[in-house]
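# Architecture at a glance
Chain residues, written in single-letter form:
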Amino acid sequence: MPIKVTTETFKTEVLESEVPVIVDFWAQWCRPCLMLAPVLEELEADLEGKVKIAKVNVDEEGYLANQFRISSIPTVLLFENGKLKNQVIGLMRKEDLKRRLGL
Amino acid sequence: MYDAIVIGGGPAGATAAIYLQRFKKRTLLIMKDSGALGKTAHIDNYYGFEETITGPELLERGIAQARRLGVEIINDEVLHIDNLEHFTVKTINGTYDGKSVLLATGKSQANLKAKGFNDFIGKGISYCAICDGFIYRNKRIGIVGNKEFMEEELEILKDFSQDILVFTDGMDLEVDVDKPVIKEKITEIKGDDTVNKIIVGDKTFDVDVLFIAIGSPSASDFALRMGAFLDENKYIVVNDEYMTNIPGLFAAGDSIGGLLQIVKATSDGAHAAISMHRYAKSA
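This one's a predicted model, so the numbers in the text were calculated from it and none came from an experiment.

Right, let's get into the nonpolar core. Ranked by internal contacts, the top residues of the largest apolar core, which has 111 residues, are A:Val23, B:Ile5, B:Ala16, B:Leu102, B:Ile143 and B:Phe250. The element contributing the most residues to this core is helix α1 (residues 11–22) of chain B, with 7 residues. For this core, the two domains that each supply at least three residues are domain 1 (2–109 + 218–282) and domain 2 (118–212) of chain B.

All names here are of chain B. Within the open sheet, the 5 strands sit side by side as β7-β14-β8-β9-β10. Their pairing is parallel. Edge positions in the sheet fall to β7 (125–126) and β10 (181–182), since each of these pairs with one other strand and no more. Sheet topology places strand β9 (residues 164–167) next to β10; 2 bridges connect them, and they run parallel. Its bridge partner being in β10, Val-166 is matched across the sheet by Val-181. Against the sheet, helix α4 (residues 148–158) touches β8 (141–144), β9 and β14 (209–212), its axis set at about 165° to β8.

All right, on to the environment of A:Gln67 then. Residue and element names in this part refer to chain A. As for its placement among the helices and strands, Gln-67 is situated in helix α3 (residues 62–67). Exposure remark for Gln-67: the 11 C-beta atoms within 10 Å place this residue in the exposed category. Spatially, the C-alpha atom of Gln-67 lies 22 Å from that of Ala-37, the residues being 30 residues apart in sequence.

Turning our eyes to something else, we now look at the pairing of β8(B). Residues and elements named next belong to chain B. Burial of β8 is two-sided: the residues Ile-141 and Ile-143 facing one way and the residues Gly-142 and Val-144 facing the other way are all buried. For β8 and β9, the ladder comprises 4 bridges, and the chain directions are parallel. The residue of β9 that forms the bridge with Ile-143 is Val-166. Tracing the backbone out of β8, into α4 and back to the parallel element β9 gives a crossover that is right-handed. Relative to β14, β8 runs parallel, the two sharing 4 bridges. Its bridge partner being in β14, Gly-142 is matched across the sheet by Leu-210.

Residues and elements named next belong to chain B. Domain assignment breaks chain B into domain 1 (2–109 + 218–282) and domain 2 (118–212). Relative to domain 2, the C-alpha centre of domain 1 lies at a distance of 30 Å. Taken together, the contact between domain 1 and domain 2 spans 7 residues of the former and 6 residues of the latter. Counting residues per element, the side of domain 1 that touches domain 2 draws most heavily on helix α5 (residues 219–226), which supplies 3 residues. A breakdown of the residues in the side of domain 1 that touches domain 2 according to their chemical character gives 3 nonpolar, 1 polar and 3 charged.

This part is about the interface of chain A and chain B. The interface of chain A with chain B comprises 20 residues on the first partner and 19 residues on the second. The greatest single-element share of the side of chain A that touches chain B, amounting to 4 residues, is contributed by helix α2 (residues 31–46) of chain A. Class assignment of the residues belonging to the side of chain A that touches chain B gives a composition of 13 nonpolar, 3 polar and 4 charged.

So, how was this worked out
- Residues numbered from 1 in each chain as written.
- Chains lettered and ligands numbered in written order.
- Predicted model: local features only at pLDDT ≥ 70, side-chain atom pairs only at ≥ 80, totals over all residues.
- Core = buried A, V, L, I, M, F, W, Y, C linked by C-beta atoms within 7 Å.
- Buried ≥ 20, exposed ≤ 12 C-beta atoms within 10 Å, placed from the backbone.
- Helix = DSSP H or I, 4+ residues; strand = E, 2+ residues; numbered from the N terminus.
- Domains from an automatic or database assignment.
- Pairing = 2+ DSSP bridges.
- Contact = placed C-beta atoms within 7 Å.
- Axes fitted to C-alpha atoms, helices over the stretch in contact; angles between N-to-C directions.
- Right-handed = clockwise from strand over helix to strand, strands pointing away.
- Nonpolar A, V, L, I, M, F, W, Y, C, P; charged D, E, K, R; others polar.

Laid out in structure tokens, this is it:
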């Protein structure tokens, strides 16, 4: 299950994670974001513990959104070993997302 | 409530409407202009026309045929589609409710020719005010456009910031707006990681974002706002039934890519109509 991440938990949940983390910047009022949620859940299930999905609500976590220069949502960031490895903007199919993230 | 609302009156839309009407579905067809076909001078590769036929003539015949069979047809421009329990299609002149919607408005995504444009898509260039407006609360917003679509997006953006500049990029402004308007062509878009400057000739405007709402919304603009999948070329993704990932939202013709030909568009239209007929039974 995707976990909710905040400014306080970002370091431990994302940067210090043992497995790669896909961070989904989203908001309740963003229709494409809501449609991306099941895509990410499916992706997490497919990859069986090889990645973790973290969700950042940009309404509540303005600091994180700012820090990562999020200018359009949904934006998905892939972190590996504490480093930003890839960034994908916009709603897309699971296969497209997987390919663009390099998974 | 219509059983089906078809948006676009080209070969895909008109064919779908004809099939739907013959399935005795209450069908509304909304069309704005003659689209890509209207610009085609000669059609020599479409079945059944011994003499050549022009695009506008073929289009007119398709619409006349749909009308004869009982399809309700209106000339209007769709600005927005809501999908809650059913679909609500808002046009410049009215609002229409339908159980299903077919997007068949061809392929046209408005883009700027300005230098730097492609580099900043998703990095301060946005195609969707309702998606991204909130991120620019009290920031400096630019919007490009000249018609009702721009006005619609501008209204959404006013909830987030009052610091808004309207750029028409050299087009005639067809609506009244209460924000400063820059009418010359945009020459360049500049920024670091994200957009921060719009260059218009020898003038520079500082903005944090540029929203694109040029001309009329395209099928992919509707799809984007509703949360339908687009592929990397901005074509709408449909399944074998011509339905998008949103139940009841179908797409056909050039808007879904593939062969950009009349024969394929009419085939799409027929397939989509059959699926919509089936969908209406199950829904």
